[in-house]
Each structure stands twice: as structure tokens, then as C-alpha cells.
6 protein chains.
Amino acid sequence: MYTVRVRDHFMIAHSFRGDVFGPAQKLHGATYVVDVEFRSPELDADGIVVDIGLATETVHKILGELNYRNLDDEASLKGRNTTTEVLARTIFDRLAAAIGRGDLGRSAKAIESLRVTLNESHVASASYEGRV
Amino acid sequence: MYTVRVRDHFMIAHSFRGDVFGPAQKLHGATYVVDVEFRSPELDADGIVVDIGLATETVHKILGELNYRNLDDEASLKGRNTTTEVLARTIFDRLAAAIGRGDLGRSAKAIESLRVTLNESHVASASYEGRV
Amino acid sequence: MYTVRVRDHFMIAHSFRGDVFGPAQKLHGATYVVDVEFRSPELDADGIVVDIGLATETVHKILGELNYRNLDDEASLKGRNTTTEVLARTIFDRLAAAIGRGDLGRSAKAIESLRVTLNESHVASASYEGRV
Amino acid sequence: MYTVRVRDHFMIAHSFRGDVFGPAQKLHGATYVVDVEFRSPELDADGIVVDIGLATETVHKILGELNYRNLDDEASLKGRNTTTEVLARTIFDRLAAAIGRGDLGRSAKAIESLRVTLNESHVASASYEGRV
Amino acid sequence: MYTVRVRDHFMIAHSFRGDVFGPAQKLHGATYVVDVEFRSPELDADGIVVDIGLATETVHKILGELNYRNLDDEASLKGRNTTTEVLARTIFDRLAAAIGRGDLGRSAKAIESLRVTLNESHVASASYEGRV
Amino acid sequence: MYTVRVRDHFMIAHSFRGDVFGPAQKLHGATYVVDVEFRSPELDADGIVVDIGLATETVHKILGELNYRNLDDEASLKGRNTTTEVLARTIFDRLAAAIGRGDLGRSAKAIESLRVTLNESHVASASYEGRV
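Residues numbered from 1 in each chain as written. Chains lettered and ligands numbered in written order. Predicted model: local features only at pLDDT ≥ 70, side-chain atom pairs only at ≥ 80, totals over all residues. Heavy atoms only, no water.

With respect to the overall build of chain A
Of the regular secondary structure elements, chain A holds two helices and five strands. The C-alpha atoms of chain A give a radius of gyration of 16 Å, which matches the 14 Å a tight globule of 132 residues would have. If you line up chain A on its principal axes, its C-alpha atoms span 50 × 30 × 20 Å. When the 132 residues of chain A are sorted by exposure, 63% land in the buried category. By sequence separation, contacts in chain A at least 24 residues apart represent 68% of the contacts at least 6 residues apart. A total accessible area of about 5100 Å² is found for chain A, and carbon and sulfur atoms account for 49% of it. (Helix = DSSP H or I, 4+ residues; strand = E, 2+ residues; numbered from the N terminus. Rg over C-alpha atoms; globule rule 2.2 N^0.38 Å. Buried < 20%, exposed > 50% of the residue type's maximum accessible area, 1.4 Å probe, protein only. Contact = heavy atoms within 4.5 Å. Areas by Shrake-Rupley, 256 points an atom, 1.4 Å probe, with all protein chains shown as cover.)

Structural notes on the interface of chain A and chain C
By a widespread convention, an interface's size corresponds to the accessible area lost as its parts come together. Of the residues lining the interface, 22 residues belong to chain A; the matching set on chain C comes to 22 residues. For the pair chain A and chain C, the summed buried area comes to about 1800 Å², and 67% of that belongs to carbon and sulfur atoms. Here chain A is connected to chain C by zero salt bridges. Here chain A is connected to chain C by seven residue pairs in polar contact (both at pLDDT 80 or more). At the level of secondary structure, the elements contributing two or more residues to the side of chain A that touches chain C comprise strand E1 (2-14), strand E2 (28-40) and strand E3 (69-70) of chain A. Of the residues in the side of chain A that touches chain C, the class split is ten nonpolar, seven polar and five charged. (Buried area = accessible area lost by both parts, 1.4 Å probe. Salt bridge = Lys/Arg side-chain N within 4 Å of Asp/Glu carboxyl O. Polar contact = N/O pair within 3.5 Å; in protein donor to acceptor, adjacent residues only side chain to side chain. Nonpolar A, V, L, I, M, F, W, Y, C, P; charged D, E, K, R; others polar.)

Here's the deal with the interface of chain F and chain B
Contact with chain F, which involves 22 residues of that partner, is made by 22 residues of chain B. Of the roughly 1800 Å² buried where chain F meets chain B, counting both sides, 67% is carbon and sulfur surface. Contact with chain B buries area across many residues of chain F, yet Leu 27, Tyr 68 and His 122 of chain F alone supply 31% of it, more than any other trio. Our count for the contact surface shared by chain F and chain B stands at seven residue pairs in polar contact (both at pLDDT 80 or more). Mapped onto the side of chain F that touches chain B, the elements with two or more residues apiece are strand E1 (2-14), strand E2 (28-40) and strand E3 (69-70) of chain F. When residues of the side of chain F that touches chain B are assigned to their parent elements, the largest contribution, six residues, is made by E1 of chain F. For the side of chain F that touches chain B, a count of residues per class yields ten nonpolar, seven polar and five charged.

So, the arrangement of the chains
Separated throughout, chain B and chain C approach each other most closely at a C-alpha pair spaced 12 Å apart. One finds no contact between chain A and chain E; the C-alpha atoms of the two approach each other to within 12 Å at their closest.

Describing the side chain of Glu 37 of chain A
Here Glu 37 of chain A is to be found in strand E2. The exposure class of Glu 37 of chain A is buried, given its relative accessible area of 11%.

A word on the relation of the copies chain A and chain C
Between chain A and chain C, the superposition needs a rotation of 180° and an axial shift of 0.0 Å, giving an RMSD of 0.0 Å. In the structure described here, the two chain copies are related by an operation that fits a two-fold rotation axis. Most of the interface of chain A is mirrored in chain C, where 100% of its interface residues again form contacts. (Least-squares fit on C-alpha atoms with pLDDT ≥ 70 in both.)

Things to note about the packing of aromatic side chains
As enumerated under the stated definition, the model contains 24 aromatic pairs over all chains in all. Considering the side-chain rings of Tyr 2 of chain C and Tyr 128 of chain F, the 4.6 Å spacing of their centres and the 50° angle between planes classify their relative orientation as tilted. Within this pair, whereas Tyr 2 of chain C is found in strand E1 (residues 2-14), its partner Tyr 128 of chain F is found in strand E5 (residues 124-131), the two belonging to separate chains. As far as burial versus exposure is concerned, Tyr 2 of chain C and Tyr 128 of chain F are alike and both buried. An aromatic cluster is present here, built from Tyr 2 of chain A together with Phe 92 and Tyr 128 of chain D joined pairwise through their rings. (Phe/Tyr/Trp six-rings, centres within 6.5 Å; stacked < 30°, edge-to-face > 60°.)

What to know about the pattern of salt bridges
All chains considered together, the criterion is met by 61 salt bridges over all chains. Where salt bridges share partners, they join Glu 37, Arg 39, Arg 115 and Glu 129 of chain A, Glu 37, Arg 39, Arg 115 and Glu 129 of chain B together with Glu 37, Arg 39, Arg 115 and Glu 129 of chain D into one cluster.

A look at helix H2 (residues 84-100) of chain A
Over its 17 residues, H2 of chain A extends 24 Å from the first C-alpha to the last, a length consistent with the 24 Å expected when each residue adds 1.5 Å. Of all 17 residues making up H2 of chain A, twelve are buried, and the element is well covered by its neighbours. Within H2 of chain A, the full set of buried residues consists of Thr 84, Glu 85, Val 86, Leu 87, Ala 88, Thr 90, Ile 91, Phe 92, Leu 95, Ala 96, Ala 98 and Ile 99 of chain A. Turning to H2 of chain A, the residues buried within the fold contact E1, E2, helix H1 (52-64), strand E4 (113-119) and strand E5 (124-131) of chain A together with strand E1 (2-14) of chain B. Remark: Gly 102 of chain A follows H2 of chain A within two positions and exhibits a positive phi of approximately 90°. (Expected span 1.5 Å × (residues − 1).)

Details of the packing of H1 of chain A against H2 of chain A
Residue and element names in this part refer to chain A. Following both chains from N to C, one finds H1 and H2 inclined at 135°, their axes separated by 10 Å at the closest point. Here H1 lies oblique to H2, going by the angle between them. The crossing of H1 and H2 is right-handed. Of the residues in H2, those in contact with Thr 58, Val 59, Ile 62 and Leu 63 of H1 are Ile 91, Arg 94, Leu 95 and Ala 98. Looking at the contact of H1 with H2, its residues break down into six nonpolar, one polar and one charged. (Axes fitted to C-alpha atoms, helices over the stretch in contact; angles between N-to-C directions. Parallel < 35°, antiparallel > 145°, perpendicular 65-115°, else oblique. Left-handed = near helix turned anticlockwise from the far one by under 90°.)

Digging into the confidence of the model for chain A
In this model, chain A carries an average pLDDT of 97, and 100% of its residues clear a pLDDT of 70 or more. Here the prediction assigns the complex a pTM of 0.98, and the interface score ipTM is 0.96. (pLDDT = per-residue confidence, 0-100.)

A short note on unusual backbone geometry
All names here are of chain A. Even without being a glycine, Tyr 68 presents a positive backbone phi close to 60°. Its location among the elements puts Tyr 68 in the loop between H1 and E3. Take Tyr 68: its relative accessible area is 22%, and that puts it in the partly exposed class.

So, in C-alpha cells, the structure goes:
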């Protein structure tokens, strides 16, 4: 299995509902350094998993829809805690949809699965991985 | 599959038995920077894999049982080489037991597997992963 | 010159005033991974620059006064843009005051200067350094 | 499952054929920081996955066959784009052959799979993993 | 003293002349992960050392003049070994000129010095720092 | 000012004397990931601060005198706490002596100062810097 990984980041404000979150129930924020892994069992004729230029642009555009926002005000995330886990899944779903639409080009058709990791500090991260 | 990762460290002395270890047969030591990954197919109602506060505390307590020790003198590790691989498994087993006892709370019940990685330098690490 | 460095982090929401900030004028947030460097020309009789336990606790307490907050609502920061540079200086000033009060103990008396670095992502940071 | 990881690097020149590569069609180069993961379900009697000394030497020797070269001139890579993905696979194949020849010693016999990751910058990497 | 740091990278081919370089006398290449530090004793009215958007763009443009090239063919570098040290100085000089031309805007006028670091692997880097 | 940095590591056991060290008074150990910075105002005719091959070898040899040891038994360190600060100074002194003896070759004659940093974990380090 081949994997290609690209890194980018976004910076948001949010708050959580639920006693388990303690002081994180207050409005605070985070930088998420995001690693997206694209997995494919075969390479295309050019010798790549995916056009890394298109992959980088698409990831940047998807993160741009969240960047510099207060996630408590985002209609698309209403009624949910925007935990690192939930955001990893949100980005996974949007990226899977982009691949489905053909945004990542011809070579992306062989992509079998994705893993999206959000590093929230030097000591914690969360990921979601699944088939596309 | 969702993954949450937390990082901590511990510092120990030890020595190895066996020609394969060369100069590491002498008493020396290591800092292990430890990454623990908790994996679950679903999130709980709060949108998390595990209460990260409880997870961090539990990992810290388990590492604290080894921290600032000479592992050659530890009764629980007697008769074994405390290689990075063996220590990764030891911490995995203790953490799996803690989850079994309910130390990580309600949300931890859905945890299917753990991966414990010990980074021993900028160029080497070892992991153990398995179901819990 | 000797330097001791410790690392910790905090997570906040804020917004900036001024066209130069572009989309960062909206409420957003950041994780700051903080490196504090303590510098001294001599070691004490124990062979240290500072009691690293006290240093770690004091840094953690100072970051705790900002952690999980919306900095736009913090009285002590009112009327200023809480840029990474300004926050580095704020933490420097609070830490210098703590050293002045003796919070870092006996060995900290020889500390000549501090450097406080806030890493806001994998591609950007800001620091303030000065004498204490 | 146990994993042992070792890190090394190599530095090469190359160029790519195909419009998808844009400016990388020109002769340029890269540093690849390489992580090799050795995976085994069991430890040997010494408590290890592999003799880390032999593993490090073997990886270094295999990377040495590519280090300080212009890959466009390498007979063994002729007719292929030496993308990060292709190089990850090339190193995987050479390492699998070395294990087959017994270069990694007795303990390496239990190794089930390898993962070879080439980090080409702070924002991109590619891997190949498979059974041996 | 305040410092702002931004990170970017470029990928080149080159070769060295001189016995001291051993196998690096052959055509090979490198990824350089570049950290540029901007230093100023005071912040401007917005609370910044430099418009980080302009700084990032300018650094990217300067690295773009070297990216995806064979430096042995670059007229501006003819007759010199393009060691990591020499490249750090080259980028420093080009960035100092850009600041002189006003490319980094109003706030950059207070910048006293720069440090340019080129990380060529996980184990080596070179820097040039000086006044502007 | 030019700087060249190389990285290596060593692994030791030791214990400390003094209440300030708390549990670190017991025999324990550490991995030190060591960064050595060589600083020079000018480059030599080859365009380098120092022969990086010789620098790497010399650092490796000096760390090798400490590697895989119990520092409590080392005659050259007797009667002192081998804190991270003290070890940074010890390595600095040995490296300065090596430069004085000419071990780093011709180009090293222009080296004005060194900085030796010992990273003992992901959250702590100590350095010593001075003229040679």
C-alpha cells in the first residue's frame, strides 16, 4: 500500500458543551496542524498516488472554509461539539466528497482510503481514517 | 476509525543481557517520549473517543511507576530485557488493565485498540499495538 | 552562558483590529506551544540554572492565567492586539515579575535574561527576549 | 503487533517526465529523511524485533546506493519517474531482499511487514508498506 | 528584542568542488527547510514586527528563484560552492535588499537584523545572521 | 555570523545529590539528543564554516566517551552533579579542546564560538555557549 501525506493548518475559536470538557467549556481556540494521508494500492503511469499540487490545493481550500472562524457560529457544524475528533471526521467527509467530484484528478481514482490527523498541540492529536 | 493520541515521557536506567546488545549490556539509560493512541470506531454523545483529561492522568500515572527508576531492580520486570519493545508492551498491558477497571471512564468502553510508541531518540522508536 | 528551556502550551480565542490582519480580524483562535529559556552565566552549587520543577510550575501557572480564554475579554490585555509578539512579551513580563518575587527559588537569582517563544503553527512563531 | 523504527537520510538530484509535475520536470533535488518500520507479531528470546545495529547498518547501506547521486543516471531506475512513492517502494524491495538473504540476522525471521516512509520536506512525505 | 519566524522550503540539485566534500562532489540535491527570523527592538502600532503575510510572500518569492533548479547552472551563483552556508547568506542578502526596497511594508522599517537557517536534514543545518 | 549545526545523541544512567532534585536523586537515566552549533564570522575558500564530516566524527567520538555509561562511575565527572547543564559544559570543553588540537581541520580555525544543546525530552533542554 502506498501513502502520500501533505500538511497544512487552520486556526479557530470554539467552545464545548458537557462537564467532561471542564475549562474548555469556555470560548477558547486552537491551531490545528493537519496531516492528510492518501492511500492507494497502485501508482498511476506517472508513478504517483495523487497529483500533489491538486491535493495540496484541495486540502487548503477545505481548511480555508474553517480557518479564522468561530466554529460556534458555523451553520454546517451546529448542534455538535467541534472536538478534534469531530473536526477530523468533518475534513475527511469533505475531502472524500471532493475526490468523488473528481477535484483531485485522474490519479486520485485509485485512492482507497484517507487518514486525517489534527495535531492540536505538541502533546495531543486526533485522527479519522476510512475508505472513500 | 477514530484515534486520539497523547504524549508524555519517563526517564530510566537499565542494562541488557545478550551479545546482540553490544555496549548496551552496560548500565546506561534512556528518556522515552511516549505516544499513546486510543482507537474507537465511534464517538460518544460528547463527540470524543475518551476523556482526554482522564487519559492523560492515567498514562502519567502508569509512566510514573517506571519514571526515575533503575529497571534492573524492578520486581515486576525481573528476568526480562527491558528493551523498548518490551517496555511498549508493558505499558500497553497496564493501560489495557486500567481501561478494563474503568479508570478512563464511560467513553473509553468503545475503545477497540491501543498503540503505545516509545521514542528513545531522534532516530529510533518501538511500538506495541493490539486490541483491548 | 547557560540556558535551560522548558515547554508548555495554552489555547485561546481572540481577534485583531487593523487592516494588516486581513481575515484574522474575525474571532478565531490559536494553540501556542511555548518555549521559555532561562539564561545564566553561572551554575549554582547543585549544578543547575534553575529548579526545573519550580520553573515548570511557574510557567504552567502563568500560561494558566490565559489558557481556555477569549483574550478579547481579558481586562489585563484590553486595548491591545494580542498578537503572538505581544503575548510573548506579556508572558516574559509576568515571568520576570515571578522571578523578582522569588517564585523560582534561590538558584534563579543568577538568571540574567529570558527568551519566551510562542510557536503558533508548524510554520510560524514569535519571541521576546530581554534582561530580568 | 510490535514495530521498531529507525531513521536515516539521503540526498539526490533527479527530474520528472509528465505535465503533472510542473516545474519539477526540471533537474532539481531532494533530501529524503527515511523512516523504516519493521513489524513482527512476536519478540525473540532477547526481547527484540530485530538487531537494531544490523537494521541501522543495512538501511544505511541501501540508502548509500542512492545517496549523492543523480537518479536520472541510475541504471537500476531507468525509464521510471523516481517520485517519492517510487523511491519508497524501491527501498522497500531492496530491504525485503536483504531480509530474505539473512542480512538482518536471526531475529529478523519473524518480521512480517515493513513500512518505508520518505519525508521530503516539513509538509510532505510518501510511504510504501507491505508483507515481506 | 522581538523575533518573528516563518518557515518555507525549496528543492535543488547541485555539486561541490573541493576534496573536503567527498562524495558530495557528484551531482546530487537537497531539500532546504528554511526558517527566517525577523528581529526588531520595538513593535509597531498594530503590535507586530512585520506584516506576516508580506513576509511569507516575500520569502516564498525569494526561495522560488532557487526552487526546482540545478544551482550549478545559475548565473547568479556561478563560481561558488553553493554550500548550505553560502545559500543561507544568499537568501539573507536577497531578503535584506527586499526590506530595503520596502517590499515588507511600513512595519519592517524597524527590523534590525535577520537570521536565515537552512535545515538540510534531520541532523544538519546552517545559518547566516546579520544586521540589515 | 555563520552557524553550522550537527545533531547526534547519547544514552546514560546517573543520579543527583540535593533535595532540589526530588525523585531524580534515585538512579535513573536519559537520552540526550545533542545539537552542536559552530559559529564563524567568515567562510573559508570552500564556502564552509567547518568540514562537516570531521565535525560530525569529532562530536560522535566525544559523545561516545559518555555513551552507554553510568555517569556516577565516571572518574572525569566525579564529585559533580551531571545535570544537563553540566553535561552541556563538559561536551563544550571537550569540543573546544579538540578544535584547539586541530581535530576539526583547517577551516575550523575561524570558529569563534560554540553552542552545545542537550535535549533531554520533548519538553526540556539545556545549553552552554561560549567563545573557543
